Amino acid sequence: MKDSSASKTRKYQESAVGGHDTNLRRLAACGCWFDCGNTCKVCANLLILGCVLSLSLEARQLACERDGRWLFRGLDLTLKPGDVLRVEGPNGSGKTTLLKVLCGQITDVEGEVLWQGRPLRRARADLLANLVYLGHGAGIKAHLSALENLRWYQAINGDGVSLSDCEEALESVGLASFEDVPAFQLSAGQQRRVALARLYLARGLLWILDEPFTAIDAEGVSALEQLLAQHASRGGAVLVTTHHALDRIQGLRRLRLGSEVAAA
Ligand SMILES: Nc1ncnc2c1ncn2[C@@H]1O[C@H](COP(=O)(O)OP(=O)(O)OP(=O)(O)O)[C@@H](O)[C@H]1O
């Protein structure tokens, strides 16, 4: 006898705890079947249910010292589905450092980072499988074309996206006629747009973005703000450093660095 929808959903929720298998197809709460991508293949509206239910990034009493100076101390932070958290602070206040700590790239800090309730040192592989990290630089290869950069990035991340998906992503960031141009011939803003195109293909629920708006024009800023809001509304979460106000994003949360104690 076939499982009822409620039973399938419960089984899925139970099996999703502690991570998810992106190769499996499961039944979502809405009753629609969905694939391993970000959206339900039927209602085009849901992220992977188990991840939506379980997405949780938490920092407890983080402290980081550099050259005898505390960048932050006693820092608590939680990030849940639907959150967009802007990390603010003057130059040198530790924003990039904090983002790297939360990704597990920097570990010489005090305190604890938890992903899905598990210490990051044990859960890092699962975090990385659910993470899109865009660093301070555009992070693209100068001698590869815009399209090759995108395909290369998706390939090394094991994301099986098609050529047409990549072309659509480039179109979404306004690079429709620049796919074959080597990155070194693109402007700074266009290079950044190649990096941002990854967000249109992203399967990770957690986006950690370090100054993603750098060199982006007003129209591009507006589009990116919308994309962040959309990602959050679908159950993803965004942690972003930027000097932009992000005033189009409803419910924006803020974390201010530059004083020793911070919480968000
Ligand atoms: N590996 C390191 N060794 C020593 N000091 C470091 C190291 N990395 C960063 N710092 C110092 O930590 C401080 C914070 O740097 P960080 O890049 O996190 O600041 P930020 O808030 O992101 O700055 P900005 O707004 O300019 O990007 C800086 O004073 C920097 O010199």
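Worth saying up front: this structure is predicted, and the values here are computed from it rather than measured. (Residues numbered from 1 in each chain as written. Predicted model: local features only at pLDDT ≥ 70, side-chain atom pairs only at ≥ 80, totals over all residues. Heavy atoms only, no water.)

**Student:** What exactly am I supposed to notice about helix α7 (residues 188-201) here?
**Tutor:** Note: α-helices contain 3.6 residues per turn, so residues at a spacing of three or four share the same orientation. In α7, a bend of some 25 degrees at Val194 exceeds every other bend along the element. Counting buried residues in α7 gives 11 out of 14 residues, a clear majority hidden from the surface. Among all positions in α7, only Gly189, Gln190, Arg192, Arg193, Val194, Ala195, Leu196, Ala197, Arg198, Leu199 and Leu201 are buried. (Bend = angle between axes of the 7 residues up to and from the residue. Helix = DSSP H or I, 4+ residues; strand = E, 2+ residues; numbered from the N terminus. Buried < 20%, exposed > 50% of the residue type's maximum accessible area, 1.4 Å probe, protein only.)

**Student:** Teacher, can you tell me more about the site of the ligand here?
**Tutor:** Taken together, 13 residues lie near the ligand, and Asn91, Gly92, Lys95, Thr96 and Thr97 sit nearest. Note that an oxygen atom of the ligand is positioned 3.0 Å from one of the backbone N or O atoms of Gly94. Interatomic distance of 2.9 Å between a backbone N/O atom of Thr96 and an oxygen atom of the ligand. Protein chains shield 59% of the accessible area of the ligand, which is 640 Å² for the free molecule. When contributions to the shell around the ligand are tallied by element, the ones reaching two or more residues are β4 (69-79) and α3 (95-103). In terms of residue count, the dominant contributor to the shell around the ligand is α3 (three residues). In terms of residue class, the shell around the ligand is built from two nonpolar, seven polar and four charged. (Near = heavy atom within 4 Å. Polar contact = N/O pair within 3.5 Å; in protein donor to acceptor, adjacent residues only side chain to side chain. Areas by Shrake-Rupley, 256 points an atom, 1.4 Å probe, with all protein chains shown as cover. Nonpolar A, V, L, I, M, F, W, Y, C, P; charged D, E, K, R; others polar.)

**Student:** How should I be thinking about a negative patch on the surface in this particular structure?
**Tutor:** A cluster of acidic residues, Glu148, Glu167, Glu168, Glu171 and Asp180, forms a negative patch at the surface. Position of Glu148 among the secondary structure elements: in helix α5 (residues 146-156). Exposure remark for Glu148: the relative accessible area of 42% places this residue in the partly exposed category. (Patch = residues over 30% accessible without salt bridge, like charges linked within 9 Å, V, L, I, M, F, W, Y side chains within 5 Å. Salt bridge = Lys/Arg side-chain N within 4 Å of Asp/Glu carboxyl O. Lys, Arg positive; Asp, Glu negative; His and termini not counted. Charge placed at Lys NZ, Arg CZ, Asp CG, Glu CD.)

**Student:** Could you clarify how one ought to interpret the sheet that holds strand β9 (residues 206-210) in this entry?
**Tutor:** Strands pair in a sheet through their backbones, by hydrogen bonds, and they do so in one of two ways: parallel or antiparallel. Spatially, β8-β9-β10-β5-β11 is the arrangement adopted by the five strands of the open sheet, whose pairing is parallel. Either end of the sheet is taken by a strand with one partner, and the two such strands are β8 (131-134) and β11 (253-256). With strand direction ignored, the average angle separating the axes of adjacent strands in the sheet is 15 degrees. In this structure, β9 lies alongside strand β10 (residues 237-241), joined through five bridges in parallel fashion. Among the inter-strand pairings, Leu206 is bridged to a residue of β10, identified as Ala237. (Pairing = 2+ DSSP bridges. Axes fitted to C-alpha atoms, helices over the stretch in contact; angles between N-to-C directions.)

**Student:** It is not clear to me how the sheet that holds strand β7 (residues 118-119) should be interpreted in this structure. Could you clarify?
**Tutor:** What the four strands build is an open sheet, ordered β4-β3-β6-β7; its pairing is antiparallel. Only two strands of the sheet have a single neighbouring strand rather than two, namely β4 and β7. With five bridges joining them, strand β3 (residues 57-66) and strand β6 (residues 110-115) adopt antiparallel strand pairing. The residue of β6 that forms the bridge with Ala63 is Glu110. The strands that α3 touches are β3, β4 and β6; relative to β3, the one it contacts most, it runs at about 130 degrees. (Contact = heavy atoms within 4.5 Å.)

**Student:** Is there a simple way to think about the packing of aromatic side chains in this case?
**Tutor:** Geometry of an aromatic ring pair is reported as the spacing of the ring centres plus the angle between the planes. For the structure shown, the criterion picks out zero aromatic pairs. Cation over ring: Arg198 sits above Tyr153, and NZ or CZ is 3.4 Å from the ring centre. (Phe/Tyr/Trp six-rings, centres within 6.5 Å; stacked < 30°, edge-to-face > 60°. Lys NZ or Arg CZ within 6 Å of the ring centre and 35° of its normal.)

None of the figures reported here should be taken as evidence of function without further support.
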